[in-house]
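Observations on chain architecture
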Amino acid sequence: MHQKAPRHRKTECKIAQTTYTVAARITLEIFVTLEMTGSRLHQSGAKDTEVTESNVDQKATEFERNTRRMVDLVSEIKNDEEVIRQGGGAKSIEAQHKKGRLTARERIAKLLDPGKPFFELSIYAAHEMYTEWGGAPAAGTLTGLARVAGRLVMIIANDATVKAGAFFPMTAKKVIRAQNIAIENRIPTIYLVDSAGVFLPLQEDVFPDTDDFGRVFRNNAVMSAMGIPQITAIMGMCVAGGAYLPVMCDHILMTEGSGLFLAGPALVQAAIGQKVSAEDLGGAKMHAQISGTIDFREADDEACIKRIRALVDKMGRKPGAPFSHIPEEPAAHPGDEIYGIFSSDPAKQYDMHDVLTRIVDGGAFEEYRAEYGQTLLCGYARIGGFAVGIVANQKKHVQTRAPGTGERRVEFGGVIYTESAQKAARFIMDCNQNLVPLIFLHDVNGFMVGKEAEWSGIIRAGAQMVNAVANSVVPKIAVICGGSFGAGHYAMCGKAYDPRFIFAWPSARYAVMGGDAAAGTLVEIKVKQLEREGKKLTEKDKKELHESVRKTYEHQTDPRYAAARLWVDAIIDPAQTREALIWALEAAALNPEVREFKTGVLQT
């Protein structure tokens, strides 16, 4: 087994890097009693593989401090999510029950296989948005992965407790994102429809564009043509343009008391003067016996859900993806120990190897070019039995020798250097060549700058990495752990680079640059602008302006802000990172198609 370069605990050099702070409420402490022993690497007697073990000191002050900080962040996220899960509130839930209907969450709970979880996506959609209309918790719709009759499915369910399930602009985008995930991964999709249609006061932002309401029906047609099963259950209102959604799907179910029509009774009377009841116009009995539009008429929600499960149970299974998959092994160490290992303080160091051993199967990580470009870790592992390639930012400073001169130097953790970018580009191409899905773990300040970096060809090396990421044909899954700034976000497969899924920890922050640096730049621009207008700012004025700008910028780099706009698919508990990745890999394995890998012109 090759020997790795020593990872020094101390260095005299410090990086001038962007910093940010997280205000944490100290509400809970976790005391971990497990003791860890062993060296960084040892050769397992059972397999030909490198097993990364942990020598983390769980009694260290820094470990306990990190744990408290992360527990506070996770608790805050979970508390927020619990509020969002109330939907439109107790009165709206009661009104839904009085109609003899279940809420969207109650329907999903009954639809799932017993004891199986619902992996909810985009719960923060529209968070802190549409406040002038009373808000739209979770954008008035639920999306996520689940097991139904043993099958992995995507569920999309309108929440009628939120503005009668009306479509806000972010509602359409959330549904489309769920459909896109289903398309990319060939996931059977179940729609639970209970919606009043477009939220009319905001119709101009819901109706016309490529990522607006009409795209939902276009995707229905495309998914059906691709052979992706779609089942729709109308369990309330389904009106106007929204009436096309169920009819574009493979199976249509409808409960008694529901309505399916292009125009409701009031609009029909206003338009053509015809008086007709909702039941005669578009009730379940009419569509079952006269129009022939629906396939199954069900008495109530319970019967409808039972029928959905029976239909899913009868679906055939298509060949899966050609990725290596074997029975899984548990991670080598408990996932919640990541709390103490990871530091959200960009000025602090931690070893990403210690995080990986709590995510991958059995702690086995085959590190690629371990002694070269060490600020990016690349290597092979298994997660949930799936073979994966991992690209992760290393936050420890490393001592190395400069290419050409051999002069000793320090490379700073979280920074992508020329060698690390070249290594990553080569590794990503190798994973594509060998059909290995890619996992990216972000904690990146960006690419290295300065004379030495420019002379070494940092732009060219960065372009190689970005090219390899952009043209990858294997599934890509990204997790933003800490900072993800500037071009480093792109190179690590940010949202613009088509990850199948993109998750964030509560500690995630990403933007062009960090809050302090951005505030300094923006304030300087503002001061010069005011001076040109003949206004003079005191030092106190400048300080207040700086703080105001910094707070606004920090708010916009919060993962909840990103999740509200669907820039991330879910904010996950770091302790549940392995589980989230397994969900994503199982979904990706449903798509058997992997196109030919080509990079185009590489700058060499």
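Please refer to the structure placed before this passage.
The sections below set out a description of the structure shown in this document. Just so we're clear, the structure is a prediction, and the values are computed from it rather than from any experiment.

1. Describing the pattern of salt bridges
All chains considered together, the criterion is met by 31 salt bridges. Of the charged contacts, one joins Asp 113 and Arg 309 as a salt bridge, the two residues approaching to 2.8 Å between their closest N and O atoms. Of this pair, Asp 113 sits in the loop between α3 (104-111) and β3 (119-121) while Arg 309 sits in helix α10 (residues 301-313); the two residues are 196 residues apart in sequence, bridging distant segments of the chain. The class of Arg 309 is partly exposed, set by a relative accessible area of 24%. Residues Arg 147 and Glu 586 are paired through a salt bridge, measuring 3.0 Å at the closest nitrogen-oxygen approach. Of this pair, Arg 147 sits in strand β4 (residues 141-148) while Glu 586 sits in helix α20 (residues 577-588), and the two are 439 residues apart along the sequence. For Arg 147, a relative accessible area of 22% puts it in the partly exposed group. The class of Glu 586 is partly exposed, set by a relative accessible area of 26%.

2. Quick notes on the environment of Val 71
Structurally, the position occupied by Val 71 is in helix α1 (residues 61-84). Spatially, the C-alpha atoms of Val 71 and Asp 336 are 9.6 Å apart, while their sequence positions differ by 265 residues.

3. Examining empty space enclosed by the protein
Per the counting criterion, the structure on display carries 3 cavities of 30 Å³ or more. The space that makes up the largest cavity amounts to roughly 140 Å³. Lining of the largest cavity is provided by 16 residues; of these, Asn 158, Phe 167, Val 193, Ser 195 and Leu 245 occupy positions nearest its centre. If you list the elements that add at least two residues to the lining of the largest cavity, you get β5 (151-158), β6 (189-195), α5 (213-225) and β7 (230-239). Class assignment of the residues belonging to the lining of the largest cavity gives a composition of 11 nonpolar, 5 polar and no charged.

4. Things to note about the pairing of strand β12 (residues 376-383)
The element β12 is largely enclosed, with a buried count of 6 among its 8 residues. Alignment of strand β11 (residues 366-367) against β12, held across 2 bridges, turns out to be antiparallel. For Glu 366, the partnering residue across the bridge sits in β12 and is Tyr 380. In terms of strand pairing, β12 meets strand β13 (residues 386-393) through 8 bridges, oriented antiparallel. Each residue of the ladder has a partner; that of Cys 378, found in β13, is Val 391. The turn joining β12 and β13, which pair antiparallel and follow one another in sequence, is formed by 2 residues; a positive phi near 65 degrees is taken by Gly 384.

5. Some details on α20
The first and last C-alpha atoms of α20 sit 16 Å apart over 12 residues, in line with the 16 Å expected at 1.5 Å per residue. The buried count for α20 comes to 10 of 12 residues, which makes it a mostly enclosed element. Within the span of α20, buried status applies to Thr 577, Arg 578, Ala 580, Leu 581, Ile 582, Trp 583, Ala 584, Leu 585, Ala 587 and Ala 588.

6. A look at the layout of surface pockets
A water-sized probe rolled over the atoms picks out the places where empty space is left. Its volume calculated, the second largest pocket comes out at about 470 Å³. Around the second largest pocket, the lining comprises 22 residues; the ones closest to its centre are Glu 81, Arg 85, Phe 119, Ile 571 and Ile 572. A per-element tally of the lining of the second largest pocket places α1 first, with 4 residues. When its residues are assigned to classes, the lining of the second largest pocket shows 12 nonpolar, 2 polar and 8 charged.

7. Observations regarding the packing of aromatic side chains
Under the counting rule described, the total for this entry stands at 15 aromatic pairs. Between Phe 213 and Phe 217, the aromatic rings sit 5.0 Å apart at their centres with planes inclined by 70 degrees, giving edge-to-face as the arrangement. Of this pair, Phe 213 and Phe 217 both sit in helix α5, 4 residues apart, which is roughly one turn of the helix. Look at Phe 217 and you get buried, because its relative accessible area is 13%. Each ring, one from Tyr 368 and one from Phe 427, has its centre 5.2 Å from the other, and the planes form 50 degrees; the classification is tilted. Highlighted residues: Tyr 368 in the loop between β11 and β12 and Phe 427 in helix α13 (residues 418-433), separated in sequence by 59 residues.

8. Topic: the side chain of Asp 194
Within the secondary structure, Asp 194 is located in strand β6. Side-chain polar atoms of Asp 194 contact the side chain of Gln 96, separated by 2.9 Å. A distance of 3.2 Å separates polar atoms of two side chains, one belonging to Asp 194 and the other to Arg 107. Beyond its immediate sequence surroundings of up to four residues, Asp 194 is in contact with Gln 96, Arg 101, Arg 107, Asn 158, Ala 160, Ala 164, Gly 165, Met 235, Gly 236 and Met 237.

Thresholds, definitions, all that
- Residues numbered from 1 in each chain as written.
- Predicted model: local features only at pLDDT ≥ 70, side-chain atom pairs only at ≥ 80, totals over all residues.
- Heavy atoms only, no water.
- Salt bridge = Lys/Arg side-chain N within 4 Å of Asp/Glu carboxyl O.
- Helix = DSSP H or I, 4+ residues; strand = E, 2+ residues; numbered from the N terminus.
- Buried < 20%, exposed > 50% of the residue type's maximum accessible area, 1.4 Å probe, protein only.
- 1 Å grid on protein atoms, 1.4 Å probe; cavity = no way out; pocket = protein on both sides within 12 Å on 5 of 7 lines; lining within 4 Å.
- Points joined across faces, edges and corners; volume = space filled by probe spheres on them.
- Nonpolar A, V, L, I, M, F, W, Y, C, P; charged D, E, K, R; others polar.
- Pairing = 2+ DSSP bridges.
- Expected span 1.5 Å × (residues − 1).
- Phe/Tyr/Trp six-rings, centres within 6.5 Å; stacked < 30°, edge-to-face > 60°.
- Polar contact = N/O pair within 3.5 Å; in protein donor to acceptor, adjacent residues only side chain to side chain.
- Contact = heavy atoms within 4.5 Å.

All we've got here are geometric facts, nothing functional implied.
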